[in-house]
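Spelled out from the first residue to the last, the chains are:
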Amino acid sequence: MNVLHLITTFTLCTFCKGEVTKVDGGVVTLTKQNFNSFISTNAYVFVKFYAPTCGYCKLLAPEYSKVGEILLNKGSSVALAEVDATLETSLAKEYGIKGYPTIKLFRNGAPLNYTGGRTSEEIARWLNKKTGPPAQNLINVVDAKTLIDENEAIAIGFFEDKSSKDARGFLQVADENNEFVFGITSDPDIFREYSANDGDILVYNRFNGRKLHFNLDLSVNNLHNVLFEISPPLLTEYNVKSVRKFFEGEIKDFLFLFLRKSVPESSNLEEEARSVARSFKGKVLFITVDADKVANKELLDYLEVPMRDVPTMRIVNANHDSTSFIPESYDVTANTIEEFVQSYLNGELYPTSSSEELPDDWNKGTIYKLVGSNFYSVVFDAEKDVLVNFHVPWSRECQGLAPIFAEVSEHLRSDDGVVFAQINVQKNFLKYTRIQSVPTIQLCRRGDNEIITYEGDFTFEGIIQFLQANGVGRTLSENNDEI
């Protein structure tokens, strides 16, 4: 079934166990009931696993919907779909969804992780590569000029024999690289038009105006390195196009430079940052954030950056984005930026909000409130089994778990050997603990302090059975009739 040919009808009926799959803007909504059937009846299905409250998911949503129109115009048969992972928890677990949004391409039923960008053009380009040839076959000069004119970053390989070893290496890089659009040709007219010889490669990046025409001892690594050098700008502006770098790119550490572009001095700050960025290229991504833009307010709030502090800096790691690092100096200069980044890379900095203040009543009630300063002393008590709920207060999923977790704690209230606790991971830095997603529940067993992560559904019955399976709650077997 070619879903994209039916987009303009606004609804799509797919018989999946007698149910109808609804379509919103060309994106099919999948559930546990229709997922397998839909995947099996479409050769290519692009699936977005998301959470409704996730800020990055909201940014991606309009771009994702635009992809359908782009693919339809190109005659693609890729079906676009989405799964609310907060409702379809079994699907999220089956496909290892740990954060949002996570996107996978199912090719004849086999899942492939999406590694491209977050704009409609970037998504469509990645899909074209993964569902077709990695490089466009250029058969005449018009094809070559069109490729160059319609794309920001292109790489054209000139090979008299497109089955040669060098040509195969070029195609491998084309398949792996998500920044460039690739073309390959053996046409003599295109060779003459661009004064190319066999084995030449033309690389052009419209973003920074850089153009290279070279013939090197071609290897996959060599070509990857050349493309890396020409592709990334030293400074990336924070917007929907740059969000992808935080989670999909190879560089996981990034410096946010908050400034107000309405202020003339901001251009000087950007130059200061750009001069330092060269030294850390490939290690830290430098990102400017215009604090005056309403669309950027969510990021300022999330990293707790007050407008009165702008211009200022923060460092965040994409794998552990619940904590950020702040510089000691309020000045933003080339020297302070370089010192800040180098100290971070040397492991000499501690993140902000290392610990909330410990409340006087932290151990009152059935659920203890943990903070950074008391976390390890409570959790690694060898005399207790400790079940911890790692959460953030603004998450809808965490809010949904809270009453269930409280119910479980009440159920075992009389067992003095069990401690229930929770910690806000956005406000408290845990040096030896890394949580990949929230909410997460972990059990620290008495005696050996073994850490066991709960992998089931967030239900009262599921958590109780998890505790039972790990020998926690000595009276549970007496209360099975209540479950």
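Here is a short report on the structure shown in this document. In this convention, every chain numbers its residues from 1, walking through the sequence in written order. With the structure being a predicted model, the display of local features is reserved for residues of pLDDT at least 70 and the display and counting of side-chain atom pairs for 80 or more, all residues being used for whole-chain, interface and lining totals. As a rule here, side-chain values cover all heavy atoms of the structure and leave hydrogens and water aside.

**Considering the pairing of strand 5 (residues 102–107)**
Within a regular strand, the side chains alternate between the two sheet faces. Selection criterion: For each residue, the accessible area found with a 1.4 Å probe, counting protein chains only, is set against the maximum for its type, and the residue is called buried under 20%, exposed over 50%, and partly exposed in between. Secondary structure elements follow DSSP: runs of H or I of four or more residues count as helices, runs of E of two or more count as strands, with numbering from the N terminus. Each pair of strands is called paired provided DSSP finds at least two bridges between the two strands.
Buried residues dominate strand 5, accounting for five of its six residues. Relative to strand 5, strand 3 (residues 44–50) runs antiparallel, the two being bridged by six bridges. Note on strand 5: the bridge partner recorded for F49 is T102. As judged from the four bridges shared by strand 5 and strand 6 (residues 110–113), these two strands associate in the antiparallel manner. Of the residues in strand 6, the one forming a bridge with L105 is L112.

**A few points about the sheet that holds strand 14 (residues 284–290)**
We apply this condition: Orientation is described by axes fitted as lines to C-alpha atoms, over the contacting stretch for helices, and by angles from 0 to 180 degrees between their N-to-C directions. Residues count as neighbours in contact if any of their non-hydrogen atoms are within 4.5 Å of one another.
Strand order in the open sheet formed by four strands is 12-14-13-15, with mixed pairing between adjacent strands. Single-partner strands in this sheet number two, and they are strand 12 (235–237) and strand 15 (312–317). Adjacent strand axes in the sheet meet at a mean angle of 30 degrees when their direction is disregarded. Relative to strand 14, strand 12 is paired through three bridges, and the arrangement is parallel. In the sheet register, T236 faces strand 14, and the bridge partner there is I287. Packing against the sheet, helix 10 (residues 266–277) makes contact with strand 12, strand 13 (253–259) and strand 14, and its axis sits at approximately 165 degrees to strand 13. Packed on one face of the sheet, helix 12 (residues 334–345) meets strand 13, strand 14 and strand 15 and runs near 20 degrees to strand 15.

**Comments concerning the packing of helix 14 (residues 396–411) against helix 15 (residues 460–469)**
Rule in force here: In what follows, roughly perpendicular refers to angles from 65 to 115 degrees, roughly parallel to angles under 35, roughly antiparallel to angles over 145, and oblique to any angle outside these ranges. By definition, turning the near helix anticlockwise from the far helix through less than a right angle yields a left-handed crossing, and turning it clockwise yields a right-handed one. Gly counts as polar in this scheme, as do all residues outside two lists: the nonpolar Ala, Val, Leu, Ile, Met, Phe, Trp, Tyr, Cys and Pro, and the charged Asp, Glu, Lys and Arg.
Where helix 14 meets helix 15, the axes come as close as 9 Å, and the angle between the chain directions of the two elements is 45 degrees. In this view, helix 14 runs oblique relative to helix 15, as classed from their interaxial angle. Handedness of the crossing formed by helix 14 with helix 15: right-handed. Mapping the contact onto sequence places L401, I404, E407, V408 and H411 in helix 14 and F460, I463, I464 and L467 in helix 15. Here the contact of helix 14 with helix 15 is built from residues that sort into seven nonpolar, one polar and one charged.

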